[in-house]
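# What the coordinates show
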Amino acid sequence: MYIALEQPTGAHLLTPDHEELAVPVTLRYSSEDPLAVHLVFPAWISLDEEEVTWTFARALLEEGLDAPAGLGTVHVRPYGPTDTLVEFRAPEGVAVVRFRTADLRHFLHRSYTVTEPGGEPLRPALDRGLATLFGAA
């Protein structure tokens, strides 16, 4: 059975001049892609004025709430006692977004009601990964 979760939340984009821009973000989780979480940003915040979705490992989000985590394009780390920073790296530049840690933990706990940590079926993700690798997707 397919189950999807969405959780709108507020966040703050940290600017290079140390200002913060409030931005609504939608957190998504789907039983079709149980290893991943999706952070959806509104079109008005992107360079090409289209909605932007960043997808990365649910385990990375969980790990980054308590200690710095991440390699490559997404990094997650605690920021003070109540916040978490998520850093997105792309060829166009780097974006750092501050979330309330409690909001991210709530979202993760909701996702665990769909698929327990470690209980993710690997076959669909493996099939998608192989299809992408071999150009069949």
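Residues numbered from 1 in each chain as written. Predicted model: local features only at pLDDT ≥ 70, side-chain atom pairs only at ≥ 80, totals over all residues. Heavy atoms only, no water.

### What about the pairing of strand β5 (residues 74–79)?
- By the bridge criterion, 6 bridges tie β5 to strand β6 (residues 83–90) in an arrangement that is antiparallel. Bridging from a neighbouring strand, Val76 pairs with Val86 of β6.
- In sequence, β5 turns back onto β6 through a hairpin of 3 residues, with Gly80 there showing a positive phi of about 75°. (Pairing = 2+ DSSP bridges. Helix = DSSP H or I, 4+ residues; strand = E, 2+ residues; numbered from the N terminus.)

### Some details on the packing of aromatic side chains
- Under the criterion given, the structure shown has 2 aromatic pairs.
- Aromatic pair Phe41 and Phe88: ring centres 5.6 Å apart, planes at 85°, arrangement edge-to-face. Here Phe88 lies in strand β6 and Phe41 lies in strand β3 (residues 36–41), a separation of 47 residues in the sequence. When sorted by exposure, Phe41 lands in the same class as Phe88, which is buried.
- Residues Trp54 and Phe88 carry aromatic rings whose centres are separated by 4.7 Å and whose planes lie at 40° to one another, so their mutual orientation is tilted. With Trp54 in strand β4 (residues 52–57) and Phe88 in strand β6, this pair connects stretches of sequence that are 34 residues apart.
- An aromatic cluster is built from Phe41, Trp54 and Phe88, whose rings are joined through pairwise contacts. (Phe/Tyr/Trp six-rings, centres within 6.5 Å; stacked < 30°, edge-to-face > 60°. Buried < 20%, exposed > 50% of the residue type's maximum accessible area, 1.4 Å probe, protein only.)

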